[in-house]
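Residue-level structure breakdown
Here is what each chain is made of, one letter per residue.
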Amino acid sequence: VIPRLFREGKSSRMTDERIEKLESIGFEWSLRPELSRPQVPWEQRLAELKHYKDVHKHCNVPGAWKKNPQLGNWVHTQRTEYR
């Protein structure tokens, strides 16, 4: 686990030792269960996007697409990470 502030190049008082101590007592880093779930492999989401494009002829998956909202979120994340 890499603390968010450290990843962003900012200082943090969260040390490896503190992380280990928190995790040793079962501390969960996310209060949102959807962020704690095992992540779907990137290649699987890519396959879902390819299927979406075959059907819809574009890759503009709505963020709130009822059939697969996770795919819409994934597409948004890919665009955000590209910037």
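First, a word on what this report is: a plain description of the structure on this page. For every chain, the first residue of the written sequence is number 1, and numbering continues from 1 onward in sequence order. Under the rules for a predicted model, residues below a pLDDT of 70 receive no local features and side-chain atom pairs below 80 are neither given nor counted, while totals for whole chains, interfaces and linings still include all residues. Excluded from the side-chain calculation are hydrogens and water; included are all heavy atoms of the structure.

Comments concerning the overall build of the protein
Cut-off, in case you're wondering: Strands here are runs of E lasting at least two residues and helices are runs of H or I lasting at least four, both read from the DSSP assignment and numbered beginning at the N terminus. Only heavy atoms matter for contacts: two residues are in contact if any of them lie within 4.5 Å across the pair. Only the protein chains shown count as cover for residues, and the accessible areas themselves come from Shrake-Rupley with a 1.4 Å probe.
Along the protein, the regular secondary structure elements total five helices and zero strands. Across the protein, helices and strands are ordered from the amino to the carboxyl terminus as α-α-α-α-α. A sequence separation of at least 24 residues applies to 19% of the contacts in the protein between residues at least 6 apart. Summed over all atoms, the accessible surface of the protein reaches about 7,400 Å², with 55% contributed by carbon and sulfur.

Remarks on unusual backbone geometry
The backbone of Lys57 sits at a positive phi, close to 70°, despite the residue not being glycine. Mapped onto the fold, Lys57 is located in the loop between helix 4 (42-56) and helix 5 (69-82).

Points about the packing of aromatic side chains
To be explicit about the condition: Stacked, tilted and edge-to-face are the three classes assigned to paired rings of Phe, Tyr and Trp, where Trp is represented by its six-membered ring and a pair needs centres within 6.5 Å; plane angles under 30 degrees give stacked, over 60 edge-to-face, the rest tilted.
A complete count under the given rule lists two aromatic pairs for this structure. Ring geometry for Tyr52 against Trp65: centres 4.8 Å apart, planes inclined by 85°, an arrangement best described as edge-to-face. Placement of Tyr52 in helix 4 and of Trp65 in the loop between helix 4 and helix 5 is noted, with a sequence separation of 13 residues between them.

Brief notes about the packing of helix 4 against helix 5
The criterion, for reference: For helices, the axis comes from a line fit to the C-alpha atoms of the stretch in contact; other axes are also lines fit to C-alpha atoms, and the angle between any two N-to-C directions lies between 0 and 180 degrees. An angle counts as roughly parallel when it lies under 35 degrees, as roughly antiparallel when it exceeds 145, as roughly perpendicular when it falls between 65 and 115, and as oblique in every other case. Each residue gets one of three labels, nonpolar for Ala, Val, Leu, Ile, Met, Phe, Trp, Tyr, Cys and Pro, charged for Asp, Glu, Lys and Arg, and polar for the others, Gly among them.
Running from amino to carboxyl end, helix 4 crosses helix 5 at an angle of 105°, the nearest separation of the two axes being 10 Å. For the element pair helix 4 / helix 5, the angle class is roughly perpendicular. In contact with Trp42, Arg45, Leu46, Glu48, Leu49 and Tyr52 of helix 4, helix 5 contributes Gln70, Leu71, Trp74, Val75 and Gln78. Of the residues in the contact of helix 4 with helix 5, the class split is seven nonpolar, two polar and two charged.

Let's talk about the nonpolar core
Rule in force here: Throughout this description, the term nonpolar core refers to a set of buried Ala, Val, Leu, Ile, Met, Phe, Trp, Tyr and Cys residues connected via side-chain atoms within 4.5 Å. For each residue, the accessible area found with a 1.4 Å probe, counting protein chains only, is set against the maximum for its type, and the residue is called buried under 20%, exposed over 50%, and partly exposed in between.
By size, the foremost hydrophobic cluster in this structure holds seven residues: Leu49, Tyr52, Val61, Trp65, Leu71, Trp74 and Val75. Put simply, the parts of the chain that give this core at least two residues each are helix 4 and helix 5. A total of three residues in this core trace back to one element, the largest contributor, which is helix 5.

Shape is all these values report; function is a separate question.
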